[in-house]
Each structure stands twice: as structure tokens, then as C-alpha cells.
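Next come the chains, spelled out residue by residue.
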Amino acid sequence: MLEKALKGSPLYWFWLFFLACVAGVGSMAYLYQLNFGLSVTGMSRDVSWGFYIAQFTYLVGVAASAVMLVLPTYLHHYKAFKKMIILGEFMAIAAVSMCLLFIIVDLGQPQRAMNVILHPTPGSILFWDMIVLNGYLFINLLVGWVTLQAERNEVAPPKWIKFFIYLSIFWAFSIHTVTAFLYAGLPGRHYWLTAIMAARFLASAFCSGPAILLLLAFLLKRLVNFDPGKEAIKSLAKIITYAMAINVFFFLLEVFTAFYSDIPGHKAPIVYLFSGMDGFAQWTPFMWLAAILAFLSLALLIPAKLRDNHELLPWTLLFLVIATWIDKGIGLLVGGFTPNMFETVTEYVPSIPELAIVLAIYAMGAMILTVLWKIALGVKQEVGHF
Amino acid sequence: MSKTRRDFLKLAGACACTVAASQLVGANAHAASAGHGPAVPQPGNQHEHALHGTHWGMVIDTKRFTDPLLVQKCVDACHLTHNVPKIDGPQELKWIWPANYLETFTEHNHYLPDSVEQRSFLLLCNHCENPPCVRVCPTKATFKRGWDGIVQMDMHRCIGCRFCMAACPYGARSFNFHNPRPYIDEAKMNPAYPTRMRGVVEKCTFCVERLAQGLMPACVEASDGAILFGDLDDPASTVRKALASKFTVRRKVSLGTEPSVYYII
Ligand code: SF4
Ligand code: SF4
């Protein structure tokens, strides 16, 4: 099926070329980082993780969100998602690939990455994260490929693949739960030390991931006239609405606990993020933007009339994606490290090389996604499924 | 480099208590396989003057640190002994450093005597009994030595993921964002201690290499008696005697990490 990726319109090739350029620039930045170490980033002794780990966390959510298509289809025999389920699985592959790249670029000694396997340490959550992420990548590659092959041959997928499909449902929850445990088990990091961290992660994943998928589906409709179907869009939008409502609700729970208990340590990161501290307030505009967009997206999602308006929906989804990205891609990490262990503030500003590397990894992810979707749509076209 | 490293591990291993050592037969040459495990006690290499303890701990008499020169003397003693690079700014490295009262004891009282609020407190790795840094490390590059409680690092195994830095509630760990070597004053470099490379985490080691030679940690030696060091398991040790006679506190005890560094206020 790979040959499907080799025949495409000029636009397709131009898009891949553009992504390759972005990836190329970022790779130069990575070479620079390899030569001068992580000193070229904005990270510091006090804020020792930054944009890399934040993107990793966000994308684990995007990867996990494929389950929002798989679960209704296979556990509830819901037919409407059948057509786009492969898109979700392939998006998960692209997202997990980006996750792994983000981990690698964050390592101080990337050539020693294998030490995690050579010296397995089951007590470390990072060890488990490595296992579940690679496992999820493998499962989605397998399931995606086998089901697509079956579709191409116009036969039912082999029975044994069911096992892996059910496994992928369980596994999707596990990747984001384990990723939340990276944070939620650390004493002394008030913003992270919360029992609902995994639940929050899943809620934000299950709204942001499908939102990105749906946005891309709208794009596909414009570009290649692939229509996932009215019913599918409607249902997915509904799922996004519920997940986003739960996501916002969970965040408000954190706010309540912090401020009603009035425990300074619990309040401090939220205060820093939303109003600044000791004269440092760099991220405040971002956090307020996220808050406003989050409520705006809910206001546009909850009334069915607005939600089912396909002129409006892409905008709503865009707002939602920006809001959830700021929450997880900036707020989560910065809030965890600020104030620092001495209750003072060290601000983190990502550096230009750091941002170039982040963009490069997103470009690589987009390339993987483009090629995989090209194959999937090529097969669907061949057998007349769209 | 590998030679220094080997000697270093041998010394570190030599500090083992004999009980633990006797259980590990045939551990010879293990320490030479750099990067493949915590330094295993080696009876053969044990220095005859090595200090023995089953739970090393420290008591810092903060009342004595009114003189900034004494503070600096302790910091310099450590950093020069261990070739800690001098890098300014937020990507700095430090094993032991002074901080004010509010930074040291984040759950602090009000209306304290000026003498306390304005005092310098030396901060360093607490060699926690229940160390979160060890718990999270995915490669066992950070490990606790079962026989003397020291939380040690294998910088040849560390992948630089910095999970341990996120986990340590005391900000005790530093990461080599830069290649540290150009930032070490060559004239003052200690050839007996290995330098590190870029991309690994480091921190105070309670001077394992000095204990193995029968020496007190460098900061203790430089402190003119303001820092006490000894075996917390031994009721007759100087540290236990100090704890029994003076009021002391530890940092962030509510987190359950059980620091081994005590502060006399
Ligand atoms: S003070 Fe920090 S680095 Fe030292 S043992 Fe405790 S948790 Fe680990
Ligand atoms: S940075 Fe090194 S010592 Fe710290 S957790 Fe990672 S591998 Fe372990």
C-alpha cells in the first residue's frame, strides 16, 4: 500500500516539501543543541523541563484520543465512525512518534537512551511510559495496517485483530494515565500533586484530540472532498462537548480545592499563572486567553444549534484546541515549576532554537500524518469508499 | 578519564560497611565495570582509615553562620574539591549554597528574631531516607547506598532526563546544561576528583570519596565545627549528641522524605 504515498498532486508534494524544510531548519537547531547541550534552551536549574516535555504531554493526549472513535465502533457497534476510524488510528501513530521525538530531544545524553531498557527500573514511571508509548505505537500500526489491508481487499479484517483493537482501547487510557503519573506522584510540586491529574489529562485529551481530528477532517473535505459523514461529525462534536465540559469542570475543582482550603502552596501556582507573582507575570495573558477561549468554545458547543452549524464548528474547535494547548502545553509545566522549591520565581522563556526544534518535530509529525492519510484515502478511493 | 573514574568508584565502594561487604562475595573488579551498577563494596580495596556509618547525617549549626566568609569558605571547599563548574545565571550548578530563612523553610513562622531571618542557611542534598529522586530515576543512575544511606549518582549512566530534578523537593540537583569543563578554574582544579560531562545531573555526595579515605566531608572540615557529621544510627556520635541537646529542624518534613540534614536554629 505504500505506493499510494508516492503518487500525489503538486499540492501534496509541495506540502511535504514545505514540511521537510521546517524539519530541516529544526534539525539544524538540534545539531546546535547536540553541540552545545541543553544550554541553548530556556530551561534552567529551577525550571528543568520546558516546551519539549510539555508538547510530549499534549501529544500523548492527542494519541490517546483515537479511542474516542475506536470505543464506540467496537464496543457499541456504532457504525458512523467506521469511515474515519483509520484517520484516528493513523493520527495516533503520528502523535506517538512526535512524543518519542520530544523525549529524545529533551534528554541530556540521548545516546544513552537505551539505558532505560538496559537497566529496567519498574519503580520509575518513566520506564512504564516508555513501555506503554512504544506499545501503543506498535498496536496502532498493526491495527491500522491490517484493517486497511482488509478494506483494500474488500474482506472483513481477520478475527485475531479484534484482540488488538480491544487492547488498544485499554492501552489508550493507560498511556495518558501513566503520563499523568509522571507528574502526579511527585512530592513538593503542588500544581501536579493532585489525584485527579490523570482524570484531567484524559478529559483534556478526549476533547482536544478529536477536535484536531475533526478540524483536519474539515480540511480534507475542502482539499480532497473526503466526507466523514454528517452523523460522524455530529457524534464526534458531541463527544468533544462532553469531554471539554468535564475538562473545564475538573480544572475548576482544582481551583476550588486550592482556594477554599486556602493552603498557600496549592494556591501559589494558580496565582502565578493567572495573576503573576513577585513581579513576574509573563504567562498571565496566555492563561487568560486559554480561560476565555475554553468558556467560549463551551458556549459554542453546548447549544446543539451552534454545534451543528458547520460554518461555526471549525472556529469553535480551533478555540478549543488553543485553550487546551495553552493549558497543557504551557500552564501545566510552568505551573509545576513555579514557584520553585524555594518559593521564589524563576521564569522560563523558550529559546529560538528550542522553538525551532519544537516546530521541526511538529513538521515531522505532520509529514507522517500526511503520508499515512494519503495511503488511507488512496485505498478508500480505490475501493470506492469515498 | 576512565582511569580517574575507576579510582573514584573504587574509593566510593571502599566506604562500605563490612557487614554488607561480607555478603557480597566475588564482587572484585565489579567497580571497574564503570556505568554498570552502583559501586559494590570491595573488602579488598577498603582503605584502612575509612570511616564507617550505617546512616550518615549532618547537623548544621546555623547560629554559627553569621559570618559570610565562613559560608563562602564551606561552599568553596565543596565546589573546589568536586570541580563544580562556576556558571552564572539560572543554568548554574551548585552542590551546597546559602539561602535565606524563607527560602530554606518554606513553611515558616512570623515575627522571628532578626538574627534568624537574616541568617544564611546552607542548603545541600539531604540524603533523604526515602528519596523521591531515587524513586523516579528510570536508569538507577541515582541510587541509595543501602549500607550507609548516602544517595549517590552514577554520572556515566544518567541519561539526563531530569526527572529527578522535578522530583527533589529541595532543589538539590543541578543539571549540566553546558559542557562543565571550560567553567572549571584550571589553576584550582582538583585532579583527584573526576569532572563531569554535559547533559548529566549532579549533586552533593556527602563526600563519599573522602569518607573512604577517613576524611570528613569538605564542607565539614572547612566549617570550623559549625557543621557536624556522623552516624545517625550511633547514639554516641557527635550528630546524635547535638540532636539530643539542641533544638533542630529539617526541611519540608511533611513530605515524608526523611532528610538526613538537620539545622540547629
Ligand atoms: S535532597 Fe533531593 S536529591 Fe537529595 S536525596 Fe533528597 S530528594 Fe534526592
Ligand atoms: S537525569 Fe539522570 S539521575 Fe536524574 S532521573 Fe534521569 S537518569 Fe536518573
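Predicted, not measured: the structure shown is a model, and the values here were computed from it.

About the thresholds
- Residues numbered from 1 in each chain as written.
- Chains lettered and ligands numbered in written order.
- Predicted model: local features only at pLDDT ≥ 70, side-chain atom pairs only at ≥ 80, totals over all residues.
- Heavy atoms only, no water.
- 1 Å grid on protein atoms, 1.4 Å probe; cavity = no way out; pocket = protein on both sides within 12 Å on 5 of 7 lines; lining within 4 Å.
- Points joined across faces, edges and corners; volume = space filled by probe spheres on them.
- Helix = DSSP H or I, 4+ residues; strand = E, 2+ residues; numbered from the N terminus.
- Nonpolar A, V, L, I, M, F, W, Y, C, P; charged D, E, K, R; others polar.
- Near = heavy atom within 4 Å.
- Contact = heavy atoms within 4.5 Å.
- Buried area = accessible area lost by both parts, 1.4 Å probe.
- Salt bridge = Lys/Arg side-chain N within 4 Å of Asp/Glu carboxyl O.
- Polar contact = N/O pair within 3.5 Å; in protein donor to acceptor, adjacent residues only side chain to side chain.
- Patch = residues over 30% accessible without salt bridge, like charges linked within 9 Å, V, L, I, M, F, W, Y side chains within 5 Å.
- Areas by Shrake-Rupley, 256 points an atom, 1.4 Å probe, with all protein chains shown as cover.
- Lys, Arg positive; Asp, Glu negative; His and termini not counted.
- Charge placed at Lys NZ, Arg CZ, Asp CG, Glu CD.
- Pairing = 2+ DSSP bridges.
- Axes fitted to C-alpha atoms, helices over the stretch in contact; angles between N-to-C directions.
- Buried < 20%, exposed > 50% of the residue type's maximum accessible area, 1.4 Å probe, protein only.

Focus: the layout of surface pockets
And step 1. Taken as a whole, the largest pocket holds about 1400 Å³ of empty space.
And step 2. In terms of lining residues, the largest pocket is bounded by 44 residues, among which Trp15, Leu216, Leu219, Leu369 and Thr370 of chain A are the most central.
And step 3. Elements with a contribution of two residues or more to the lining of the largest pocket: helix H1 (10–36), helix H2 (51–64), helix H4 (85–106), helix H8 (197–224), helix H13 (313–337) and helix H14 (352–382) of chain A.
And step 4. Across the lining of the largest pocket, the residue classes tally to 35 nonpolar, seven polar and two charged.
And step 5. Space inside the second largest pocket adds up to approximately 860 Å³.
And step 6. Along the wall of the second largest pocket there are 36 residues; nearest its centre are Glu343 of chain A together with Phe105, Thr106, Glu107 and His108 of chain B.
And step 7. Every element with two or more residues in the lining of the second largest pocket is listed here: helix H10 (264–275) and H13 of chain A.

A closer look at the site of ligand 2
And step 1. Around ligand 2, the structure places 13 residues, and the nearest of them are Cys137, Cys158, Cys161, Arg162 and Cys164 of chain B.
And step 2. Of the residues that constitute the shell around ligand 2, the class distribution is nine nonpolar, three polar and one charged.

Focus on the interface of chain B and chain A
And step 1. The interface is formed by 47 residues belonging to chain B together with 40 residues belonging to chain A.
And step 2. Around 3400 Å² of area is buried between chain B and chain A when both sides are counted, 56% of it from carbon and sulfur atoms.
And step 3. When the area that chain B buries against chain A is broken down by residue, the three leading residues are Ile159, Arg162 and Phe163 of chain B, summing to 19%.
And step 4. Between chain B and chain A we count one salt bridge in total.
And step 5. Notably, a salt bridge pairs Arg162 of chain B with Asp106 of chain A, separated by 2.6 Å at the nearest N-O pair.
And step 6. In this assembly, chain B and chain A are joined by 28 residue pairs in polar contact (both at pLDDT 80 or more).
And step 7. The leading source of residues in the side of chain B that touches chain A is helix H7 (residues 163–167) of chain B, at four residues.

Side note on a positive patch on the surface
And step 1. On the surface, a cluster of positive charge is contributed by Lys79, Lys82, Lys159 and Lys162 of chain A.
And step 2. Residue placement: Lys79 of chain A occurs in the loop between helix H3 (67–75) and H4.

Remarks on the site of ligand 1
And step 1. What surrounds ligand 1 is a group of 13 residues, the closest being Cys125, Asn126, Cys128, Cys133 and Cys168 of chain B.
And step 2. Taken together, the residues that form the shell around ligand 1 break down as nine nonpolar, two polar and two charged.

Some words on the sheet that holds strand E1 (residues 56–61) of chain B
Residue and element names in this part refer to chain B.
And step 1. Read across the sheet, four strands follow the order E8-E1-E10-E9 without closing on themselves; strand pairing throughout is mixed. Taken across any chain shown, the strands that pair with only one partner, and hence form the sheet edges, are strand E8 (227–231) and strand E9 (248–249).
And step 2. One ladder, built from five bridges, connects E1 with E8; its direction is antiparallel. Across the sheet, Gly57 pairs through a bridge with Gly230, a residue of E8.
And step 3. Relative to the sheet, helix H10 (residues 238–245) contacts E1, E8, E9 and strand E10 (261–264), its axis offset from that of E8 by approximately 115 degrees.

A look at the environment of Val136 of chain B
And step 1. Here Val136 of chain B is to be found in helix H6 (residues 132–136).
And step 2. Look at Val136 of chain B and you get buried, because its relative accessible area is 7%.
And step 3. For the pair formed by Val136 of chain B and Cys168 of chain B, sequence separation is 32 residues and the distance between their alpha carbons is 9.6 Å.
And step 4. Setting aside residues no more than four positions away along its own chain, Val136 of chain B makes contact with Ser124 and Leu186 of chain A together with Phe163, Cys164 and Ala167 of chain B.

Digging into the pairing of strand E3 (residues 121–124) of chain B
All names here are of chain B.
And step 1. Judged by which residues are buried, E3 turns out to be covered on both faces: Phe121 and Leu123 on one side and Leu122 and Leu124 on the other are all buried.
And step 2. Two elements, strand E2 (residues 96–99) and E3, share four bridges in a ladder whose sense is antiparallel. Considered in E3, the bridge of Trp97 is made with Leu123.

What to know about the pattern of salt bridges
And step 1. Tallied over the full model, the rule gives 16 salt bridges over all chains.
And step 2. Close ionic contact of Arg196 of chain B with Glu202 of chain B constitutes a salt bridge, the shortest N to O distance being 2.8 Å.
And step 3. The structure contains a network of salt bridges with shared partners spanning Glu3, Lys4, Arg152 and Glu382 of chain A.

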